[in-house]
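Residues per chain are reported as follows:
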Amino acid sequence: MGVDKSKILENGYIDMPVEQLLDLREEIKKLKRKKNAVILAHYYEDAAVQDIADYVGDSLDLSRKAAETNAQIIVFAGVHFMAETAKILSPKKKVILPHLKAGCSLADSCPFNEFKKFIERHAGHTIISYINTTADIKTVTDIACTSSNAMKIVQSLPEKEKILFGPDKNLGEYIRKKTGRDMVIWNGHCHVHQQFSVERIQGIVKKYPAARIVAHPECNQEIQEMAVYIGSTSQMLRFVQEDDGNIYIIATEPGIIHQMKKSKPEKTYIPAPPEDRSKDSSICEYMKMVDLKKLYLSLTYELPEITLEEETIEKAARPIHRMLEISEKYGI
Ligand code: 13P
Ligand code: SF4
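Rules behind the numbers
- Residues numbered from 1 in each chain as written.
- Chains lettered and ligands numbered in written order.
- Predicted model: local features only at pLDDT ≥ 70, side-chain atom pairs only at ≥ 80, totals over all residues.
- Heavy atoms only, no water.
- Disulfide = S-S within 2.5 Å.
- Buried < 20%, exposed > 50% of the residue type's maximum accessible area, 1.4 Å probe, protein only.
- Near = heavy atom within 4 Å.
- Helix = DSSP H or I, 4+ residues; strand = E, 2+ residues; numbered from the N terminus.
- Nonpolar A, V, L, I, M, F, W, Y, C, P; charged D, E, K, R; others polar.
- Salt bridge = Lys/Arg side-chain N within 4 Å of Asp/Glu carboxyl O.
- Polar contact = N/O pair within 3.5 Å; in protein donor to acceptor, adjacent residues only side chain to side chain.
- Areas by Shrake-Rupley, 256 points an atom, 1.4 Å probe, with all protein chains shown as cover.
- Pairing = 2+ DSSP bridges.
- Contact = heavy atoms within 4.5 Å.
- Axes fitted to C-alpha atoms, helices over the stretch in contact; angles between N-to-C directions.
- Right-handed = clockwise from strand over helix to strand, strands pointing away.
- Phe/Tyr/Trp six-rings, centres within 6.5 Å; stacked < 30°, edge-to-face > 60°.
- Lys NZ or Arg CZ within 6 Å of the ring centre and 35° of its normal.

A. The arrangement of the state of the cysteines in detail. Taken as a whole and judged by the stated rule, the model has zero disulfides. The thiol of C110 is unpaired, and the distance to the nearest cysteine sulfur, on C104, comes to 11 Å. For C110, a relative accessible area of 3% translates into the label buried.

Now the structure itself:
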């Protein structure tokens, strides 16, 4: 299509009036078929985006799908590090991120040069990095992990092995406590999970004494201590499906509640509120940058595309493949 790419990408995404003219859902479906494209969406995306996606999942599920897909184009309805991971795992495919500025505060809390110095200060440690990092961080990592498999990956290493874990301090501390392993932990966090209010959650429990708190391990320790269950987004989803409770306080980004409601509509889900009393839930603004219009336009123009140096892909792929191998071995 004859367009000036630099102009349409001015904002980091393509913008032009289309929504009054088209049934975006139908057009997206047509484009996916025509271009042999697949849409992968994280649980934190808007409900409409989750519903049009071919696969919805957590970071581990989505990286597996990106590695396995036969599609020519992967459109990632998620954030930048997820689309980079898809590119690393499927370098020959075109990977599209509908809004290039969909970043991640956790990945941002781990700048490459400082993390490299941290590694140098801890020679002899095995480097385990959460998938929520840039491709550059992955090039200096031994094994990647997600919140679904981080515990098993740490446990899979010999007892005496010294571990450097980054960048999420809450997930790292959670694993250190559970495993008793020798771990140094980078001091990073996610702003969405860091801001839940103990006091406001207690207020909800007072009102609904049967409410069970389910938390993501990126939440800080106080919130983790209040929870009946701690797990990744897909593990949280499975927990509420299988548990015999009826009312839950969900301490993660509230996008996941869409799938909870779909699978168990008879239960009640209350998003954990943040410290900021003007808000009822802790939204990840990066995850909400993708909408149907951006999906449609990015599929039409096959932009913005994720590109990485060959050497970066080669080095960053190693820790991700190790993660996938260990996960497979343990049936995660
Ligand atoms: P999971 O979906 O892997 O639990 O990760 C949560 C997250 O914060 C993704 O950005
Ligand atoms: Fe990053 Fe937090 Fe948003 Fe997940 S929820 S993408 S960790 S900022």
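Having put the structure on the table, let's press on.
B. Structural detail: the site of ligand 2. Close to ligand 2 lie Y44, V79, C104, S105, L106, N132, C190, H191, V192, E218, C284 and M287. For the shell around ligand 2, the elements supplying multiple residues, two or more each, are helix 6 (105-108) and helix 11 (191-194). Tallied by class, residues from the shell around ligand 2 come to eight nonpolar, three polar and one charged.

C. Focus on the pattern of salt bridges. For the structure shown, the criterion picks out 17 salt bridges. With a shortest N-O distance of 3.7 Å, K29 and E26 are connected by a salt bridge. Within this pair, K29 and its partner E26 are both found in helix 2 (residues 24-35), separated by three residues, close to a single helical turn. Between D244 and R212 there is a salt bridge whose closest N-O contact spans 2.9 Å.

D. Spatial organisation of unusual backbone geometry. Across the junction of G166 and P167, the peptide omega takes the value -10 degrees, indicating a cis bond. Its place among the elements puts P167 in the loop between strand 7 (163-166) and helix 10 (169-179). Cis geometry is adopted by the peptide bond preceding P304, which originates at L303 and carries an omega value of -10 degrees. Turning to its location among the elements, P304 is positioned in the loop between helix 16 (292-301) and helix 17 (310-329). Despite not being glycine, N36 shows a phi value in the positive range, around 50 degrees. Even without a glycine there, the phi angle at E302 is positive, about 55 degrees. For E302, the location among the structural elements is in the loop between helix 16 and helix 17. Judged by its relative accessible area of 21%, E302 falls in the partly exposed class.

E. Broad picture of the site of ligand 1. Close contacts around ligand 1 come from 14 residues, with H42, S59, S147, H216 and T233 the closest. Separating an oxygen atom of ligand 1 from a side-chain N or O atom of N132 is a distance of 3.3 Å. Contact between ligand 1 and S147: an oxygen atom at 2.8 Å from a side-chain N or O atom of the residue. Relative to its unbound accessible surface of 300 Å², ligand 1 loses 96% to contact with the protein. Across the shell around ligand 1, the residue classes break down as five nonpolar, seven polar and two charged.

F. Focus on the sheet that holds strand 12 (residues 268-271). In space, the four strands of this open sheet follow the order 10-9-11-12, with parallel pairing throughout. Both edges of this open sheet fall to strand 10 (229-230) and strand 12, since each of them pairs with a single strand only. Relative to strand 10, strand 9 (residues 212-215) runs parallel, the two being bridged by two bridges. Bridge pairing in strand 10 links A215 to I230. Along the sheet face, helix 14 (residues 233-242) touches strand 9, strand 10, strand 11 (247-251) and strand 12 and points at about 175 degrees away from the line of strand 11.

G. The pairing of strand 12, seen in detail. Looking at chain direction, strand 11 and strand 12 are connected through four bridges and run parallel. Note on strand 12: the bridge partner recorded for Y248 is Y269. Chirality of the crossover, the property in question, places the unit of strand 11, helix 15 (residues 257-263) and strand 12 among those that are right-handed.

H. Spotlight on the packing of aromatic side chains. Counted according to the given criterion, the structure contains six aromatic pairs. When the ring of F118 is compared with that of W186, the centres are 5.2 Å apart and the planes differ by 75 degrees; the resulting orientation is edge-to-face. Within this pair, whereas F118 is found in helix 7 (residues 112-121), its partner W186 is found in the loop between strand 8 (183-185) and helix 11, the two being separated by 68 residues in sequence. Residue class for F118 comes out buried when judged on its relative accessible area of 10%. Their ring planes at 5 degrees and their centres at 4.6 Å tell us that Y229 and F239 sit as a pair that is stacked. You can see Y229 sitting in strand 10 and its partner F239 sitting in helix 14, a full 10 residues away along the chain. Using a relative accessible area of 25% as the deciding quantity, one classes Y229 as partly exposed. Ring pairing ties together the aromatic residues Y229, F239, Y248 and Y269, which thus form one cluster. Positioned above the aromatic ring of Y13 is the side chain of K294, whose terminal nitrogen or guanidinium carbon lies 4.4 Å from the ring centre.

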